[in-house]
Amino acid sequence: MEQLTPIPAGISTVWLMVVRNSDSFLAYYSLDGSTWTQHYSWSQHFIGSLMVGLEVADAHNNVSFQSTFSYFHYSSLVTSSYSMQEGNSTYLCTVTSNSLVSNFTLNQSTKEIGFNVTGDTGTVGISNVSFPTQLLGSSFTIFIDGTTLPATVTSNTTHSSVCFTYTQNTHQIEIIGSVPSKYSISLKTVDWSENILPSCTVTISNVSTIISNAYGWSNFTGINSGTYLVTISWQGSTINQTSITVNNSNVTSTIRTQVYNISLANSFRDTSGNRLYTNPSSFKLIFSNGTTSAILNSSQNYCIQNGTTTWYSILWQDTNIVPSTLTSFDTTNGNPTINCEVYSLQVNPTFQDNLGLTTITTDLCSLTFPNGTVRTSSTSLVHNQVQYGNYTITSILLKGREVVPKANPTITLTGNTTWAPQVRCLLPTYLTLHLNSQTSLPGFQVNINGTLKFNNKGIGGAKILLSYSDAGNQTWNDITEIWTSPDGSYSTVWTLSPTDTFLVWAHWAGNNTFPSTNASRALSMTTFNDQYVFSVSSNSTISALAFNKTSNELSFTVKPTRNKGLR
């Protein structure tokens, strides 16, 4: 390798690079690690493996000096081939690079080669492009992301090669060949904050329309000298118009458009101006040109053109919370806010019995929201952020039992509200049944008595139906109908022939004030010496009732009553 002399004053570090492509070698140096200059080239044929190392050569007449090497990096070159059919001709191009090459395009009519390169950020990238000379013509310009790039060009009668270096990242490379008396216009579109704005429609008067790429670039080639009107449209609206003059040279320009990058993460408030405790799941906007957006997500930023933008829908807790009078914002004023139809609701209910005579204390109360959600809490319910619509008290828990309200109180929420409904609870009724028998055989009688109550108070004037069935609960027979006394008690005497086991059932049908209820007891009997009757009354099923006269023992078996035959 040849000596680099002299090193400019004040430079203590020099970057060196050698690139091998088959038997061809190119040597480069850089004074800043970014801009590379070719210093020397040579050809050398090697047999077998090539060893790579570092050496300091004395070129100053035996003057002693010391060099320190650091960041020794090796990367291999990969060659990819691409072809294009144009009429009867096939054009073959190759790219040799230590970067990942993608999206390679050839266009003979516009004399363009384009591709993307991607590599480890900050490292040195090198690419060598070889192509038929007739593909691009005798002269060409290399662009990286729309900016011209120095390169080493070698040509022969049939092919040309372009070699260039760059600092690696993701870049767009374009090689544009010579078109007599024609130039190129490269336009980069950005939003008002200088962020790249891709997928714009860029039109140059009397030329063509191009959609800008992912890096915001629109490249027009074959342009004559003159002044052109550039129109940039985005999402159906014109966001900038300007003039570009081509005067015997290529033009590269950045155009700032009236599109604003808006964050909506902190935009959503309740009617009191407090941020929602959780953002909406989605929303839609109506843009200034009258078009409606797709479904948007509040966790992302969006580019929105200038002008009046209207909130169309906001989905929160499965409900649209946009106010009935649609509100708007202007992107030029920065990130917007909107007070949605989200309110505070405080529920302070009082609970009474069926007749409204006694206040009762409940354990829990369930409130059903407009979207069907049910929230259960203590009797004082405070909800700071809830959507508009109907709220209904649907159930109450009293002493571990669910109590259905006699009528479900409902409120329609249209603003911040304190609600204090009086809730009458349909308390359960309780019916007791007792059987007491006389044990002498002649005229065997059973005393039937009990009470009908609710909330520990008797229900008078209620008709109780008494029935019995055999042990299998297959056939039911009425005993009598009896009315309760003012204190809720009832009693009667049932005369029967002692035989086996019966199930006695007491039933009250209920009314508009109190729900129905019933009770049952099992009665089992056995005789002794045709003179005495042994009987057992229980709320369990009785079987195997027997008296042992030798041991004077009375025995029987009990199990839970299934009551499957109750009417």
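Definitions and cut-offs
- Residues numbered from 1 in each chain as written.
- Predicted model: local features only at pLDDT ≥ 70, side-chain atom pairs only at ≥ 80, totals over all residues.
- Heavy atoms only, no water.
- Helix = DSSP H or I, 4+ residues; strand = E, 2+ residues; numbered from the N terminus.
- Buried < 20%, exposed > 50% of the residue type's maximum accessible area, 1.4 Å probe, protein only.
- Contact = heavy atoms within 4.5 Å.
- Areas by Shrake-Rupley, 256 points an atom, 1.4 Å probe, with all protein chains shown as cover.
- Phe/Tyr/Trp six-rings, centres within 6.5 Å; stacked < 30°, edge-to-face > 60°.
- Pairing = 2+ DSSP bridges.
- Core = buried A, V, L, I, M, F, W, Y, C linked by side-chain atoms within 4.5 Å.
- Axes fitted to C-alpha atoms, helices over the stretch in contact; angles between N-to-C directions.
- Salt bridge = Lys/Arg side-chain N within 4 Å of Asp/Glu carboxyl O.
- Patch = residues over 30% accessible without salt bridge, like charges linked within 9 Å, V, L, I, M, F, W, Y side chains within 5 Å.
- Disulfide = S-S within 2.5 Å.

### A short note on the overall build of the chain
The number of helices and strands found in the chain is one helix and 51 strands. By residue count, 40% of the 567 residues in the chain fall in the buried class. For the chain, contacts bridging at least 24 residues in sequence account for 54% of all contacts bridging at least 6. By element, 46% of the accessible surface of the chain is carried by carbon and sulfur atoms, the whole surface being about 30,000 Å².

### Focus: the packing of aromatic side chains
Evaluated as defined, the whole model comprises 14 aromatic pairs. Judged by centre distance (5.7 Å) and plane angle (15 degrees), the rings of Phe 104 and Phe 115 are stacked. On the criterion of sequence distance, the pair formed by Phe 104 in strand S6 (residues 100-107) and Phe 115 in strand S7 (residues 112-118) is long-range, its members being eleven residues apart. The buried category is assigned to Phe 104, whose relative accessible area is 15%. A ring pair is formed by Trp 192 and Tyr 260, whose centres lie 5.7 Å apart and whose planes are at 40 degrees; its orientation type is tilted. Taken together, the positions of Trp 192 in the loop between strand S14 (183-190) and strand S15 (201-204) and Tyr 260 in strand S21 (residues 259-263) put the pair 68 residues apart, joining distant regions of the chain.

### Focus: the pairing of S15
The side-chain alternation of S15 yields one buried face, formed by Val 202 and Ile 204, and one unburied face, formed by Thr 201 and Thr 203. In the sheet, S15 pairs with strand S16 (residues 208-211) via four bridges, with the strands oriented antiparallel. In the sheet register, Ile 204 faces S16, and the bridge partner there is Ser 208. Between the antiparallel neighbours S15 and S16 lie three residues, among them Asn 206 with a positive phi of about 65 degrees. Alignment of S15 against strand S18 (residues 226-234), held across four bridges, turns out to be antiparallel. Directly across from Val 202, in S18, lies its bridge partner Ile 232.

### Some points on the nonpolar core
Ranked by size, the top nonpolar core spans 45 residues in total, and within it Leu 367, Ile 448, Ile 464, Tyr 490 and Trp 494 carry the most contacts. Leaving out residues up to four positions away in the same chain, Leu 367 has contacts with Leu 345, Val 347, Thr 373, Val 374, Arg 375, Leu 381, His 383, Tyr 391, Thr 392, Ile 393 and Trp 419.

### Thoughts on the sheet that holds S15
Here four strands make up an open sheet; going across it, the order is S16-S15-S18-S19 and the pairing antiparallel. Strand pairing shows two members of the sheet lacking a second neighbour, S16 and strand S19 (237-246), which therefore form its edges. Ignoring strand direction, the axes of neighbouring strands in this sheet form an average angle of 20 degrees.

### Overview of the environment of Asn 436
Relative to the assigned elements, Asn 436 resides in strand S41 (residues 434-437). When its relative accessible area of 45% is taken as the criterion, Asn 436 is described as partly exposed. A sequence separation of 57 residues divides Asn 436 from Val 493, and the C-alpha atoms of the two residues are 9.4 Å apart. Excluding anything up to four places from it in sequence, Asn 436 contacts Gln 445, Val 446, Asn 447 and Asn 449.

### Quick word on the sheet that holds strand S39 (residues 422-424)
Strand order across the open sheet formed by three strands is S31-S30-S39, with mixed pairing between neighbours. The open sheet has two edge strands, strand S31 (359-360) and S39, and neither has a second partner. Relative to S39, strand S30 (residues 350-352) runs parallel, the two being bridged by three bridges. If you follow Phe 351 over to S39, its bridge partner there is Val 423.

### Some remarks on the pattern of salt bridges
Side-chain pairing between opposite charges can occur once the charged atoms of the two side chains come close. Tallying each qualifying case throughout the model produces two salt bridges. We note a salt bridge from Arg 256 to Glu 194, for which the minimum N-O separation is 3.5 Å. Highlighted residues: Arg 256 in strand S20 (residues 251-256) and Glu 194 in the loop between S14 and S15, separated in sequence by 62 residues. Arg 256 gets classed as partly exposed once you look at its relative accessible area, which sits at 37%. Residue Glu 194 is classed as partly exposed on the basis of its relative accessible area of 48%.

### Let's talk about unusual backbone geometry
For Asp 145, which is not glycine, the phi torsion reads 55 degrees and is therefore positive. Even without being a glycine, Glu 194 presents a positive backbone phi close to 70 degrees.

### Notes on a nonpolar patch on the surface
A surface patch of nonpolar side chains, amounting to about 370 Å² of accessible area, comprises Leu 16, Leu 54, Val 56 and Phe 69. Note that Val 56 resides in the loop between strand S3 (37-43) and strand S4 (78-86).

### Considerations on the environment of Leu 149
Mapped onto the elements of the fold, Leu 149 is located in the loop between strand S10 (147-148) and strand S11 (152-155). Expressed as a C-alpha distance, the spacing of Leu 149 and Tyr 166, which sit 17 residues apart in the sequence, is 8.6 Å. Not counting chain neighbours up to four residues away, the residues in contact with Leu 149 comprise Ile 142, Ile 144, Phe 164 and Thr 165.

### Topic: the state of the cysteines
Counted by the stated rule, this structure contains zero disulfides. With no disulfide of its own, Cys 425 has Cys 365 as its nearest cysteine by sulfur position, at a separation of 8.5 Å. A relative accessible area of 0% places Cys 425 in the buried class.

### A word on the side chain of Gln 352
By secondary structure assignment, the location of Gln 352 is in strand S30. Those residues in contact with Gln 352, other than ones at most four positions away along the chain, are Thr 358, Thr 359, Ile 360, Gln 422, Val 423, Arg 424 and Cys 425.

### Here we look at the side chain of Ser 293
Along the chain, Ser 293 falls in the loop between strand S23 (282-286) and strand S24 (301-305). For Ser 293, a relative accessible area of 8% translates into the label buried. Aside from chain neighbours lying at most four places away, what touches Ser 293 is Lys 284, Leu 285 and Phe 287.

### Some words on the environment of Ile 360
As for its position among the elements, Ile 360 is in strand S31. Between the C-alpha atoms of Ile 360 and Leu 398, which are 38 residues apart in sequence, the distance is 8.8 Å. If sequence neighbours within four positions are ignored, Ile 360 has contacts with Phe 351, Gln 352, Asp 353, Leu 398, Cys 425, Leu 427 and Asn 455.

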